Amino acid sequence: MEDIRFTPGLLPPEAEALRAEVRTFIADHLKGYPGVKRAKSWSGADPEFSKAMGARGWIGMTWPTEYGGGGRSFLERYVVLEEMLAAGAPVSAHWVADRQSGPLLLKFGTEDQRRKYIPAITRGESYFCIGMSEPNSGSDLASIRTRAEKTADGWRINGQKIWTSKAHTAHHMIALVRTRPQDPKDRHAGLSQFLIDMKETKGVTIRPIRNMAGEQMFNEVFFEDAEVPADALVGTEGGGWGQVTTELAFERSGPERYLSSYQLLFELVREIGADAGPAEAAGIGRLAAHLSTLRQMSISIATMLERGETPNLAAAIVKELGVAYEQDMPGKAHDIAGISPRTGGGDFDQVMAYMTMAARSFSLRGGTREIMRGIIARGLGLR
Amino acid sequence: MTGTSEMANILAEAAGRLLEDHVTRGVLGAAEDGTWPSDLWQVLEDNGLTQPLAPEDRGGRGASFADAFVIAFAAGRRRAPVPLVETMAAGWLLGRAGIEVPAGPLALIDGGGDLTFKDGALSGVAEGVPWAAQAGHLVAEIDGTVALIPTDAVTITPDRNMAGEPRDTVTFAKAKPSGTGTLDLTATLPVARTLGALMRAAQMAGAMEGAVTLAVQHAGDREQFGRPIAKFQAIQQMLARAAARAAQARSAAETAFLALDRAGDDLTDAEWDVAAAKVVAGEAAEIVYDAAHQTHGAIGFTYEHELHFTTRRLWAWRGEFGAETFWAQDIGRRVLARGADNLWPDLTARQMG
Ligand SMILES: Cc1cc2nc3c(=O)[nH]c(=O)nc-3n(C[C@H](O)[C@H](O)[C@H](O)COP(=O)(O)OP(=O)(O)OC[C@H]3O[C@@H](n4cnc5c(N)ncnc54)[C@H](O)[C@@H]3O)c2cc1C
């Protein structure tokens, strides 16, 4: 059994100094921004906001400066992220590129790929989506069937992806596809990653899927003899599984894993007000206690990243705890305030209505609750 | 950023080893039957583990709270049946109030609630006082005054908590302290309660790690349907969830110890971190003891098996020095009084480096 320890981390002065800058930026850009839009935060997009963040150097903050990155620490990046999320800033346009596609390209991409794609990401002008899931492959990602065949001057892709967040606005997809037939003896072999231009590639069709909260956020993506050039391959042919696992670790450790429903806590505190009874105060207090301890754990992970560690087990634990917290928030708010929110009501009603519905997806996206617990169980030596 | 200090390493090593060696099942059982484990106490005192927090010129080691965390954690992990954490906390209080710290176990009185301090003497009744009968002295804090009272100046009626740990009723009838001093601290809650909750949060985190470890071991050993029960996904998922909550409790407790070091003379903000630690520890305990017992099956329900020495303490400790409701209300009131707009700025400012 691994020793599971989250050394308390403190943010260094340069990170705290950045906080004030970010707050001013948010105050300038998001004046009068409505509660229900804030509640969408990292699923709400605003290209102008992304560009403005890029101009400030707040996308690709930890990446090397030679590609337009900021060369700053993970702790500075952490502060920018948490401030954006706590304010409910519309950061989703560039979110995936900043969080995982950029780091993936920097780690596994060629020099040409880095020069070609990274600078535009840091400017907040280039958005990415993730093509992993398929209709018959969700948690069992290794079972995907979309395939790429070698052609004279590149690859031809056929198959289908689903649940692809933001495929309709993204410039590029990084897709996991099969480049060799499935090998029953090694299920993880024969998978490769491709960078697909979503605007220019012929044979790519995007069909939006409306979610139960009424948004059009994720999509089906069809590939019918979609031709991509040879340099669309990211990393090594057949090495896709290892790359995807690394990529998913980037996806699991950030503050978005406990701040997704922060706006509801904010509205709830406003709604309950200072003359609350003991049960209401205790309910709010429990939520605040979790918020503050989860934040410490998340900062601890940022500190481990800064030291060059890869805290995969710790990240899975924070995701398990954070997702439970943010997903339980609407239920707790219901216990405390006891309303049936109306979508035409005030901020509290609107945020409560949206969050109650949206929270169902929190324990699915980025690896389900059960899959995360499986990872933790492996860390405990149970499997 | 805090790493692990030299002092913390020394203390962790000593506490871990001594407690593991000396807190045997026999000692635990005997303590519950009323035998004071004098050898255990002696070895802890001889190795300087009982007064890490008191200043060196008052008989302590002058360690930081961050350093002392490991002792409290180990005390819970090993279920030390002695008032180790109470003595540590009381020693810190005495040190802050400029009172010489006596040798031997100390009993820390929670809150100060009904006690009055008038004309140089204490009156009133304190209930559930840990190890009053075994301690040489009691330490109370009443409205900023710290009093050290020899136990022969009070009347003690023995009682016990669910885990069989002494939790006595102490009657003070104009009891004369052998030393008093003033706490030069700003705090919104009785300091003894905050310190007690801090210690219990760390012990609970330790105990939860112990319970998860026992359950993981048992799951690997016990076979049903032709394989170790660890191979059943239901068991894996249950223990994964429990381990995550235990890790949260540990992180929260460690953060609270650090907050006390940073607090200086104003404990107001540190009280928040202590409150958060006690709340998440209590909530985590519910999940951890459920998972640990369920994994063990009937054997875990026997007195013979050691699991209950840990889980019964978790039940008892949840309610001591303020249960979750007490601390959650405290934080909740603060949040509500400050309003939604200050919630995030206050949170980030409080945990600033
Ligand atoms: C809002 C949202 C956005 C998303 N965005 C993207 C995206 O951008 N790109 C992308 O590729 N995907 C995306 N996904 C898909 C997401 O990754 C999948 O939903 C997830 O991996 C689960 O797959 P599934 O939905 O097919 O469920 P399934 O895998 O069918 O699972 C259904 C249930 O069975 C459980 N289960 C499955 N296998 C096991 C097992 N071995 N042990 C125990 N329980 C098991 C699951 O935990 C779950 O409870 C998104 C999903 C959502 C909800």
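Here the structure is a predicted model, which means the values were calculated and not measured.

A. Representation of the overall build of chain B in the model. Each helix and strand in chain B was counted, giving 11 helices and 10 strands. The C-alpha atoms of chain B give a radius of gyration of 20 Å, which matches the 20 Å a tight globule of 353 residues would have. A principal-axis box enclosing the C-alpha atoms of chain B has dimensions of 70 × 55 × 40 Å. Across the 353 residues of chain B, 61% fall into the buried class. Long-range contacts, defined here as pairs at least 24 residues apart, represent 74% of the contacts in chain B between residues at least 6 apart. Summing over all exposed atoms, chain B offers an accessible surface of approximately 12,900 Å²; the carbon and sulfur share of this is 49%. Here chain B holds 30 positive side-chain charges and 45 negative ones, and the gap between their average locations is 5 Å.

B. Looking closely at the overall build of chain A. The helix and strand inventory of chain A stands at 13 helices and eight strands. Computed over C-alpha atoms, the radius of gyration of chain A comes to 21 Å, within 12% of the 21 Å expected from 2.2 N^0.38 for 383 residues, which places it in the range of a compact globule. In terms of overall dimensions, chain A has C-alpha extents of about 75 × 50 × 40 Å along its principal axes. Classification of the 383 residues of chain A by burial places 60% in the buried group. Residue pairs in contact within chain A that sit at least 24 positions apart in sequence constitute 75% of those at least 6 positions apart. A total accessible area of about 15,100 Å² is found for chain A, and carbon and sulfur atoms account for 51% of it.

C. Main features of the sheet that holds strand 6 (residues 155–157) of chain B. Residue and element names in this part refer to chain B. Strands sit in the order 2-3-7-6 across an open sheet of four strands; the sheet is antiparallel. Each edge of the open sheet carries a strand with a single partner, namely strand 2 (116–118) and strand 6. Strand-to-strand twist across the sheet, computed as the mean angle between neighbouring axes with direction ignored, equals 15°.

D. Layout of the nonpolar core. Counting residues in hydrophobic clusters, the biggest one holds 204 residues, and the most contacted among them are Phe6(A), Met84(A), Ile317(A), Leu93(B), Met199(B) and Met208(B). Per-element tally for this core: the top contributor is helix 6 (residues 191–221) of chain B, with 18 residues. The residues touching Ile317(A), leaving out its near neighbours within four places in the chain, are Ile4(A), Phe6(A), Met297(A), Ile376(A), Ala244(B) and Ala247(B). Core analysis: the next-biggest nonpolar cluster, separate from the first, contains 19 residues, Cys129(A), Val177(A), Val221(A) and Ala232(A) among them.

E. Expanded view of the sheet that holds strand 8 (residues 179–182) of chain B. All names here are of chain B. An order of 1-4-5-8 is seen for the four strands of this open sheet, with the pairing classed as mixed. The open sheet is flanked by strand 1 (106–108) and strand 8, the only strands paired with a single partner. Neighbour-to-neighbour, the strand axes of this sheet turn through a mean angle of 20°, independent of strand direction. On the sheet, helix 5 (residues 84–96) packs against strand 1, strand 4 (137–142), strand 5 (145–150) and strand 8 and is oriented at approximately 85° with respect to strand 1.

F. The arrangement of the environment of Met173(A) in detail. All names here are of chain A. With respect to the helices and strands, the residue Met173 is situated in strand 4 (residues 172–178). Look at Met173 and you get buried, because its relative accessible area is 0%. A C-alpha to C-alpha distance of 17 Å links Met173 and Asp112, two positions 61 residues apart in sequence.

G. Spotlight on the pattern of salt bridges. Residue and element names in this part refer to chain A. Enumeration over the complete set of coordinates arrives at 48 salt bridges over all chains. The closest approach of N and O atoms between Glu21 and Arg56, which form a salt bridge, is 3.3 Å. With Glu21 in helix 1 (residues 13–29) and Arg56 in the loop between helix 3 (47–55) and helix 4 (74–87), this residue pair connects regions lying 35 residues apart in the sequence. For Glu21, a relative accessible area of 37% puts it in the partly exposed group. Among the residues examined, Arg56 registers a relative accessible area of 38% and is labelled partly exposed. Note that Arg342 and Asp349 form a salt bridge whose closest N and O atoms lie 4.0 Å from each other. On the basis of relative accessibility, which here comes to 14%, the residue Asp349 falls in the buried class.

H. Examining the packing of aromatic side chains more closely. Residues and elements named next belong to chain B. Going through the model one piece at a time under the given rule, you end up with 14 aromatic pairs over all chains. Their ring planes at 75° and their centres at 5.3 Å tell us that Phe69 and Phe257 sit as a pair that is edge-to-face. Of this pair, Phe69 sits in helix 4 (residues 65–78) while Phe257 is found in helix 7 (residues 233–263), placing the two residues 188 residues apart along the sequence. Overall, Phe69 belongs to the buried group, its relative accessible area being 2%. Note on Phe257: relative accessible area 0%, which makes it buried. One aromatic cluster in this structure is built from Phe65, Phe69, Phe73, Trp92 and Phe257. Sitting over the face of the ring of Phe326, Arg193 holds its NZ or CZ atom 4.5 Å from the ring centroid. The ring of Trp272 carries the charged tip of Arg350 above its face, separated from the ring centre by 3.6 Å.

I. Broad picture of helix 9 (residues 262–272) of chain A. Taken across its 11 residues, helix 9 of chain A has nine buried, putting it largely inside the fold. One or two steps after helix 9 of chain A, the chain reaches Gly273(A), where phi turns positive at roughly 75°.

J. Structural context of the interface of chain B and chain A. Each partner contributes to the interface: chain B provides 54 residues, whereas chain A provides 55 residues. When chain B packs against chain A, the two sides together hide about 4,800 Å² of surface, and 65% of this comes from carbon and sulfur. One can count two salt bridges joining chain B with chain A. Among the ionic pairs, Arg5(A) bridges to Glu254(B), the shortest N-O distance being 2.4 Å. The interface formed by chain B and chain A holds 11 residue pairs in polar contact (both at pLDDT 80 or more) in total. Those elements giving two or more residues to the side of chain B that touches chain A turn out to be helix 6, helix 7, helix 8 (268–296), helix 10 (324–338) and helix 11 (340–350) of chain B. Of the residues forming the side of chain B that touches chain A, the biggest block, 17 residues, is contributed by helix 7 of chain B. Taken together, the residues of the side of chain B that touches chain A sort by class into 27 nonpolar, 15 polar and 12 charged.

K. The site of the ligand, seen in detail. Around the ligand sit 16 residues, and of these Ser139(A), Trp163(A), Thr368(A), Glu370(A) and Gln233(B) come closest. Positioned at a junction of chains, the ligand has nearby residues supplied by chains A and B. Within the contact set of the ligand, a nitrogen atom lies 2.8 Å away from a backbone nitrogen or oxygen of Ile130(A). Here Gln233(B) contributes a side-chain N or O atom positioned 2.7 Å from a nitrogen atom of the ligand. Taken together, the elements giving at least two residues each to the shell around the ligand come down to strand 3 (154–165) and strand 7 (216–229) of chain A. Looking at the shell around the ligand element by element, the count peaks at three residues for strand 3 of chain A. Its residues assigned to classes, the shell around the ligand shows six nonpolar, eight polar and two charged.

L. Quick peek at the side chain of Thr311(B). Residue and element names in this part refer to chain B. Within the element layout of this structure, Thr311 appears in helix 9 (residues 307–319). The exposure class assigned to Thr311 is buried, which follows from its relative accessible area of 0%. In terms of polar contacts, Thr311 uses its side chain to reach the side chain of His293, at 2.9 Å. Excluding residues within four positions of it along the chain, Thr311 makes contact with Tyr289 and His293.

Cut-offs and rules
- Residues numbered from 1 in each chain as written.
- Chains lettered and ligands numbered in written order.
- Predicted model: local features only at pLDDT ≥ 70, side-chain atom pairs only at ≥ 80, totals over all residues.
- Heavy atoms only, no water.
- Helix = DSSP H or I, 4+ residues; strand = E, 2+ residues; numbered from the N terminus.
- Rg over C-alpha atoms; globule rule 2.2 N^0.38 Å.
- Buried < 20%, exposed > 50% of the residue type's maximum accessible area, 1.4 Å probe, protein only.
- Contact = heavy atoms within 4.5 Å.
- Areas by Shrake-Rupley, 256 points an atom, 1.4 Å probe, with all protein chains shown as cover.
- Lys, Arg positive; Asp, Glu negative; His and termini not counted.
- Charge placed at Lys NZ, Arg CZ, Asp CG, Glu CD.
- Pairing = 2+ DSSP bridges.
- Axes fitted to C-alpha atoms, helices over the stretch in contact; angles between N-to-C directions.
- Core = buried A, V, L, I, M, F, W, Y, C linked by side-chain atoms within 4.5 Å.
- Salt bridge = Lys/Arg side-chain N within 4 Å of Asp/Glu carboxyl O.
- Phe/Tyr/Trp six-rings, centres within 6.5 Å; stacked < 30°, edge-to-face > 60°.
- Lys NZ or Arg CZ within 6 Å of the ring centre and 35° of its normal.
- Buried area = accessible area lost by both parts, 1.4 Å probe.
- Polar contact = N/O pair within 3.5 Å; in protein donor to acceptor, adjacent residues only side chain to side chain.
- Nonpolar A, V, L, I, M, F, W, Y, C, P; charged D, E, K, R; others polar.
- Near = heavy atom within 4 Å.

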